[in-house]
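Chain by chain, the residues:
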Amino acid sequence: MLVLKKASALKSYIYQNKPKYSIGFVPTMGALHLGHISLINQAKINCDIVVCSIFVNPTQFNNKNDFDNYPQTIENDLKLLAKAGCDVVFVPDFNEIYNAANSPHINLDKFGKIINVFEGELRPGHFNGVIDVVTRLFLLVEPNQVFFGQKDYQQCLVVKKLIEINNFDIKFNMCPSVREEDGLAMSSRNIRLSSDERKMATIPYKMLKFISQNWPNKPELLIKQAIDKFNSENVIKIEYLSICNANDLSFADINTTKPLILFAGVLGSTRLIDNMLVEN
Ligand code: AMP
């Protein structure tokens, strides 16, 4: 497995290999777990060469404390990636990514409402940072296919839109959320949970499952029932629990054909997000 720190080294690798091989790309912020590895596995199935990037992008953090405390486990990450059969790991520093010569032109207006609701509303500037860094990475890696997790569903919609707006010749793959046995969606931030908090961290999954199993019904009613059943003591400070249309994140009604349940909340000092597509 090649570990590259320089954008120039990555570019020359791509230049040599792209004509012959298809390239699958998995961008990450490190502190890897089996959710990330599932994306590498899917990329290996779909493509000849798999490139993974590890870069904790400061511009997408709206909370400095969260950025400063973001877990970093690079040695373990490299072990997991090597074991999964990843071909290239790109571990740039800030300057390698944010070099002015490489600066993409981004028109945020073209993204419409999907960058201003839910995560976009609660984390001002978050998607601007995501769009900027993902565009820069796509221009460097020139992937044929990219792999993102459903865990960050709204991010998937934003990246799909980014590909469309830029006319990138890239196939977008959304991979299912990987969960712990008790349903908690794997996340790099989960290691911050205390053992008591870890037990309570299944509440979002329980609420999502309850709503999904009881669909169709009035969204407000289902949400209220889910909260009353699983979070009546307000253990989790819910930021949003909403049922929306999976295509554009507009609020769902009982007739919505592709409903998506979106959740975000804070447990202790750890922010959890999760979502579930309702099987009709
Ligand atoms: P991150 O390192 O948090 O930026 O995540 C990198 C990629 O891994 C994103 O596409 C995430 O959606 C994806 N990812 C994170 N957690 C999971 C999970 N539990 N299951 C599947 N994909 C995930």
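Peer 1: Quick question: what am I supposed to make of the sheet that holds strand 8 (residues 259-267) here?
Peer 2: Adjacent strands of a sheet pair through backbone hydrogen bonds, lying either parallel or antiparallel. The antiparallel open sheet is built from three strands, whose spatial order is 7-8-9. Bordering the open sheet on either side are strand 7 (237-245) and strand 9 (270-277), each of which pairs with just one other strand. Averaged over all neighbouring strand pairs, the angle between strand axes comes to 10 degrees, with direction disregarded. Pairing analysis gives eight bridges linking strand 7 to strand 8, with the strands arranged antiparallel. Along strand 8, the bridge assignment pairs N245 with P259. Each of strand 7, strand 8 and strand 9 touches helix 10 (residues 203-214); the most contacted strand, strand 9, lies at about 20 degrees to it.

Peer 1: Looking at this model, I keep getting lost on the site of the ligand. Mind explaining?
Peer 2: Around the ligand sit 17 residues, and of these M29, H36, D152, V178 and M186 come closest. In this structure, an oxygen atom belonging to the ligand sits 2.9 Å away from a main-chain N or O atom of G149. One of the backbone nitrogen or oxygen atoms of M186 is found 2.9 Å away from a nitrogen atom of the ligand. Within the complex, 93% of the 490 Å² of free accessible area of the ligand lies under protein. Elements with a contribution of two residues or more to the shell around the ligand: strand 2 (23-28), helix 2 (34-46) and strand 5 (145-149).

Peer 1: Explain the packing of aromatic side chains to me, please; I cannot follow it from the model alone.
Peer 2: According to the stated counting rule, one finds eleven aromatic pairs in the structure shown. Taking 6.2 Å as the distance between ring centres and 70 degrees as the angle between the ring planes, the aromatic pair formed by F210 and F230 counts as edge-to-face. Here F210 is found in helix 10, whereas its partner F230 is found in helix 11 (residues 219-230), with 20 residues between them in sequence. Judged by relative accessible area, which is 25%, F230 ranks as partly exposed. Members of the aromatic cluster, connected to one another through ring pairs, are F25, F138, F148, F168 and F172.

Peer 1: Whenever I open this one, the pairing of strand 5 confuses me. Can you help?
Peer 2: Counting buried positions along strand 5 gives five out of five residues, so the element sits mostly inside the fold. With burial as the criterion, each face of strand 5 is covered, one bearing Q145, F147 and G149 and the other bearing V146 and F148. Here strand 2 runs beside strand 5; their pairing, made up of two bridges, is parallel. Looking across to strand 5, one finds that F25 is bridged to V146. Here strand 5 runs beside strand 6 (residues 171-175); their pairing, made up of five bridges, is parallel.

Peer 1: In this structure, what is going on with the nonpolar core? I would like to understand it.
Peer 2: It is characteristic of soluble globular proteins that their nonpolar side chains tend to be buried jointly. Counting 47 residues, the largest nonpolar core has L10, F138 and L249 as the members making the most contacts within it. Considering every element that reaches this core, the biggest residue donor is helix 7 (residues 126-141), with nine residues. Those residues in contact with L249 that lie beyond four places of it in its chain are K113, V117, F118, Y153, Q154, L157, C244, L260 and L262. Core analysis: the second largest hydrophobic core is formed by 23 residues, L193, Y205, I261 and F263 among them.

Peer 1: Just to check I follow, could you spell out helix 1 (residues 7-17) for this structure?
Peer 2: Those residues of helix 1 lying buried are A7, L10, Y13, I14 and N17. The arc that holds every buried residue of helix 1, seen down its axis, measures 125 degrees, which confines them to one face. Of the residues in helix 1, the exposed ones pointing more than 90 degrees away from the buried face are S8 and Y15. For helix 1, the secondary structure elements touched by its buried residues are strand 1 (2-4), strand 2, strand 3 (49-54), strand 4 (88-90), helix 5 (94-97) and helix 7.

Peer 1: Looking at this model, I keep getting lost on the layout of surface pockets. Mind explaining?
Peer 2: If a probe as big as a water molecule is rolled over the atoms, it shows which places are left empty. By volume, the second largest pocket is sized at about 220 Å³. Along the walls of the second largest pocket sit 16 residues, with I54, F55, Q72, I74 and V91 positioned nearest its centre. At three residues, the largest contribution of residues to the lining of the second largest pocket is made by helix 4 (residues 74-84). Taken together, the residues of the lining of the second largest pocket sort by class into eleven nonpolar, three polar and two charged.

Peer 1: For this particular structure, what's the right way to read the environment of K44?
Peer 2: Within the secondary structure, K44 sits in helix 2. A sequence separation of 43 residues divides K44 from D87, and the C-alpha atoms of the two residues are 9.4 Å apart. In contact with K44, other than residues within four places in its own chain, are V50, A84 and G85.

Analysis parameters
- Residues numbered from 1 in each chain as written.
- Predicted model: local features only at pLDDT ≥ 70, side-chain atom pairs only at ≥ 80, totals over all residues.
- Heavy atoms only, no water.
- Pairing = 2+ DSSP bridges.
- Helix = DSSP H or I, 4+ residues; strand = E, 2+ residues; numbered from the N terminus.
- Axes fitted to C-alpha atoms, helices over the stretch in contact; angles between N-to-C directions.
- Contact = heavy atoms within 4.5 Å.
- Near = heavy atom within 4 Å.
- Polar contact = N/O pair within 3.5 Å; in protein donor to acceptor, adjacent residues only side chain to side chain.
- Areas by Shrake-Rupley, 256 points an atom, 1.4 Å probe, with all protein chains shown as cover.
- Phe/Tyr/Trp six-rings, centres within 6.5 Å; stacked < 30°, edge-to-face > 60°.
- Buried < 20%, exposed > 50% of the residue type's maximum accessible area, 1.4 Å probe, protein only.
- Core = buried A, V, L, I, M, F, W, Y, C linked by side-chain atoms within 4.5 Å.
- Arc of directions from axis to C-beta.
- 1 Å grid on protein atoms, 1.4 Å probe; cavity = no way out; pocket = protein on both sides within 12 Å on 5 of 7 lines; lining within 4 Å.
- Points joined across faces, edges and corners; volume = space filled by probe spheres on them.
- Nonpolar A, V, L, I, M, F, W, Y, C, P; charged D, E, K, R; others polar.

Remember that the coordinates give geometry; whether it matters functionally is a separate question.
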